[in-house]
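Analysis of the macromolecular model
As a plain string of letters, each chain reads:
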Amino acid sequence: MAQPSKTPVVFAPWEDETQKPIIQFKNVTKRFGNFTAIDNLSLDIFEREFFALLGPSGCGKTTIMRMLAGFETATEGTILLGGKDISPVPPNKRPVNMMFQSYALFPHLSVWDNIAFGLRRSSMPKDEIGARVDEMLRLTRMEKFAKRKPHQISGGQRQRVALARSLAKAPKLLLLDEPLGALDKKLRHDTQFELMDIQEKTGTTFVIVTHDQEEAMTVASRVAVMDHGKLIQVATPAAIYETPNSVYVADFIGEVNLIEGNAKKAGGDKYEVSWAEGQAALRGSCPREIADGTRVTYAIRPEKVAISADKPKDAANAIQGTVHDIAYLGNISTYHVMLPTGQVIKAQESNTRRLANRHFTWEDKVWLSFTDTAGVILTE
Amino acid sequence: MNYRRLFLIGIPYVWLLALFLVPFIIVLKISLSDIALSIPPYTPTLDLAEGWAGIKDFFSKLDFDNFLFLKSDPLYWKAYVSSLQIAILSTTMTLLVGYPIAYGMARAPEEWRATLMMLVILPFWTSFLIRVYSWMGILGKEGFFNSALIWLGFIDEPLTILNTNTAVYIGIVYTYLPFMILPIYAALEKLDISLLEAAEDLGCTRTSAFWLVTLPLSRPGIVAGCFLVFIPVIGEFVIPSLLGGSNTLMIGKVLFEEFSSNRDWPVASAVAVLLLLIVVVPIVLFQRSQERQAEAQK
């Protein structure tokens, strides 16, 4: 796996056993009084990674970040940075910088002085500080605003100053706490790509905390989905989306149809899930071994469900239902199809035709179909 | 519409005119008059019965003699200088005592803050005069403070504190402390904790974060508190006359003596007019800094 190859390798240090992680959480637990914020968590993050911690508010993702920055200490377990235990190191001595959710720009200092703040605390000579600040201003395209105070620039510009300030000291690790939360949607999208660009240019390891799954999917090399202080799944965005390991992850990331039923082996990694009386069993795959009769959840993404007027001939799975609701989103439409069992399945179609030429309308009888590799069978 | 607006603006203007400008003109007029053994104890008085000649006669008798007198007698400018000195020193001391208290209040747990605020304001519920009198009881030769020190064995002979400038400073710091604490507390309470975390994250120690972030950001509160203490202390009369000694020289005390003991209303008025001029400078500066701050927050 670690063999050098001439073709460009996909960036995946977590699959390379010779790689040493830059950050290691070893059985870390953090309690605030009776509340357990982080529950026996172990995690490796590698150099140059753009790592996203994703979860609902209160899941402990911010606590992880604050422990890395040094504002909280672990109740149990150790956190290693570059192989060294960082618990005795105070925040001002760590090679870690943080970009705060509120940006935390110093309101009494100009943009230039804000970026220079950290450098002035170091032993860097004065002329080098000037050069470094100018470099940071160029990187974030804020040269024109160097003399302004934070209250004289827009929210997006403040975000960039905060990023420049936290990158100025060239930290080994940059922590970003909901960095784009305060921006409007369009600006957020642009900034996501800018962040990835800057991360690539500087080669810094980024750890980002977000509750926005789309943002995590866009920017991150790996995503950790968290809930109640535990990691539920740590994988690449594609793996998280295509092969979630649990109902929680499937449901948290994107839209999904969940159908409960009993599993039965059908050869290879294929299984049949009988889910309702008088309905054909659903065929799907699961990499793990499942005993016959286990209660499972069949998860299928709406965009993988095709919708047609007649029963498709060679589809592995086909269910009939009536169109209950149509959500028109411009580029796509989501059809909510009510099955005879009363369950509603969502199917997504691209709107390649104009709205007036739409195939289906309310109360139409339709067939939903999907292949036997489209859905995943989840046991948890 | 416009009448209503005029009416709204008119009310405070009439108020200021009647309660500030008119009394000031009366005091200014008295300061330009001469002392006289009559009721009222100055001359001239305006007699409108004599018509135009009377008014002309009235204005011709006004002069700046009292101000020249203030210049000639060193007592007065010494009193002004000493008042300024006491005001500057006691404002500094109030700041040094008040800032840590305000800081402690702002950093206290949320549920404590209302109680702490109450404790700061509580002394206002008792008469100011009674509180100054009780300091006489505390600081006197037989007072609590001396008795406590003797009982603890620190001293054998009681210290002379009452009727010295030390007592005046204690009295001023005690009385004006809330005026210093409240604006500083307001500034510190608004301070976003994440700014301090950011400073630490960027390499500051706790101490340097205080000097580089907390202190500059609480400056508006410090400025407001200092002016709120400094301006009234310059003209303070009760504290120096009750706690101060014969060599405590403050302009408020001089003014009172001119007015009641010497019954020299014109000189007393001249002292008051000069005092006002001295106080106007810091008031204008204060106003300016407030405006600048309001602009910065836009």
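Bear in mind that the values here come from a model prediction, so they are computed numbers and not experimental data.

Counting its regular elements, chain B contains 14 helices and two strands. Whereas a compact globule of 298 residues would reach a radius of gyration of roughly 19 Å, chain B reaches 25 Å, over 25% beyond that. Structurally, chain B occupies a C-alpha span of about 80 × 70 × 35 Å along its principal axes. Expressed as a percentage of its 298 residues, the buried residues of chain B come to 30%. Taking the contacts inside chain B whose residues are at least 6 apart along the sequence as the reference set, 71% of them involve residues at least 24 apart.

This brings us to the overall build of chain A. Each helix and strand in chain A was counted, giving eight helices and 20 strands. Across the 380 residues of chain A, 39% fall into the buried class. Taking as baseline every contact in chain A between residues at least 6 positions apart, the subset at least 24 positions apart corresponds to 64%.

Looking now at the interface of chain A and chain B. A common way to express how large an interface is: the accessible area buried when the components associate. At the junction of the two partners, chain A supplies 16 residues and chain B supplies 14 residues. In terms of residue count, helix α2 (residues 111-121) of chain A provides more of the side of chain A that touches chain B than any other element does, three residues in total. Looking at side-chain class alone, the side of chain A that touches chain B contains nine nonpolar, six polar and one charged residues.

Take the environment of Ile150 of chain B next. Residue and element names in this part refer to chain B. Tracing the chain through its elements places Ile150 in helix α7 (residues 144-152). On the basis of neighbour counts, which here come to 14 C-beta atoms within 10 Å, the residue Ile150 falls in the partly exposed class. In the structure, Ile150 is positioned 80 residues away from Leu70 in sequence and 46 Å away in space, judged by C-alpha atoms. Residues in contact with Ile150, not counting those within four places in the same chain, are Ile155 and Pro158.

Glancing now at the sheet that holds strand β8 (residues 205-210) of chain A. Neighbouring strands of a sheet are bound in pairs by backbone hydrogen bonds; such pairs are parallel or else antiparallel. All names here are of chain A. As summarised here, the arrangement of the six strands in space is β6-β7-β8-β3-β9-β10, forming an open sheet in which the pairing is mixed. Since the sheet does not close on itself, it has two edges, and those belong to β6 (96-99) and β10 (230-235), each with one partner. With direction set aside, neighbouring strand axes in the sheet form an average angle of 20 degrees. Bridge count between strand β3 (residues 50-54) and strand β9 (residues 222-227): four bridges; the pairing is parallel. Paired with Leu54 across the bridge in β9 is Val225. Each of β3, β6, β7 (173-177), β8 and β9 touches helix α1 (residues 61-69); the most contacted strand, β7, lies at about 145 degrees to it. Against the sheet, helix α4 (residues 155-168) makes contact with β6 and β7, and its axis sits at roughly 175 degrees relative to β6, the strand it touches most.

What follows deals with the sheet that holds strand β18 (residues 344-350) of chain A. Residue and element names in this part refer to chain A. The strand order β15-β19-β16-β17-β18 describes an open sheet built from five strands, whose pairing is antiparallel. The sheet terminates laterally at β15 (306-308) and β18, the two strands that pair on one side only. Strand-to-strand, the axes of this sheet are offset by a mean angle of 45 degrees, without reference to chain direction. Pairing between strand β17 (residues 332-338) and β18: seven bridges, direction antiparallel. In the strand pairing of β18, Ile332 is matched with Ser350.

Note: most peptide bonds trans; most residues except glycine with negative phi. With an omega dihedral of 0 degrees, the bond running from Thr43 of chain B to Pro44 of chain B counts as a cis peptide bond. Relative to the elements of secondary structure, Pro44 of chain B occurs in the loop between β2 (42-43) and α2 (51-60). For Glu178 of chain A, which is not glycine, the phi torsion reads 40 degrees and is therefore positive. Along the chain, the position of Glu178 of chain A falls in the loop between β7 and α5 (185-202). Residue classification places Glu178 of chain A among the buried residues on the basis of 20 C-beta atoms within 10 Å. The residue Arg263 of chain B is not glycine, and still its phi comes out positive at about 55 degrees. For Arg263 of chain B, the position within the fold is in the loop between α13 (251-261) and α14 (265-296).

Another point: the packing of α2 of chain A against α4 of chain A. Residue and element names in this part refer to chain A. Running from amino to carboxyl end, α2 crosses α4 at an angle of 25 degrees, the nearest separation of the two axes being 7 Å. Between α2 and α4, the angle falls in the class roughly parallel. Crossing of α2 over α4 shows right-handed handedness. Across from Val111, Asn114, Ile115, Phe117, Gly118 and Leu119 in α2, the residues of α4 making contact are Val161, Ala164, Arg165 and Ala168. Looking at side-chain class alone, the contact of α2 with α4 contains seven nonpolar, two polar and one charged residues.

All names here are of chain A. Considered domain by domain, chain A is made up of domain 1 (13-247) and domain 2 (256-378). One C-alpha centre belongs to domain 1, the other to domain 2, and the line joining them spans 39 Å. Facing four residues of domain 1, the contacting portion of domain 2 comprises five residues. Within the side of domain 1 that touches domain 2, the residues separate by chemical class into two nonpolar, two polar and no charged.

Residue and element names in this part refer to chain A. Counted residue by residue, β3 has five buried out of five residues, so it is predominantly covered. Side chains Phe50, Ala52 and Leu54 project from β3 onto one buried face, and the interleaved Phe51 and Leu53 project onto a second face that is buried too. Looking at chain direction, β3 and β8 are connected through five bridges and run parallel. When the bridges of β8 are listed, Leu54 appears paired with Thr210.

Reading the values: rules and limits
Residues numbered from 1 in each chain as written. Chains lettered and ligands numbered in written order. Predicted model: local features only at pLDDT ≥ 70, side-chain atom pairs only at ≥ 80, totals over all residues. Helix = DSSP H or I, 4+ residues; strand = E, 2+ residues; numbered from the N terminus. Rg over C-alpha atoms; globule rule 2.2 N^0.38 Å. Buried ≥ 20, exposed ≤ 12 C-beta atoms within 10 Å, placed from the backbone. Contact = placed C-beta atoms within 7 Å. Nonpolar A, V, L, I, M, F, W, Y, C, P; charged D, E, K, R; others polar. Pairing = 2+ DSSP bridges. Axes fitted to C-alpha atoms, helices over the stretch in contact; angles between N-to-C directions. Parallel < 35°, antiparallel > 145°, perpendicular 65-115°, else oblique. Left-handed = near helix turned anticlockwise from the far one by under 90°. Domains from an automatic or database assignment.

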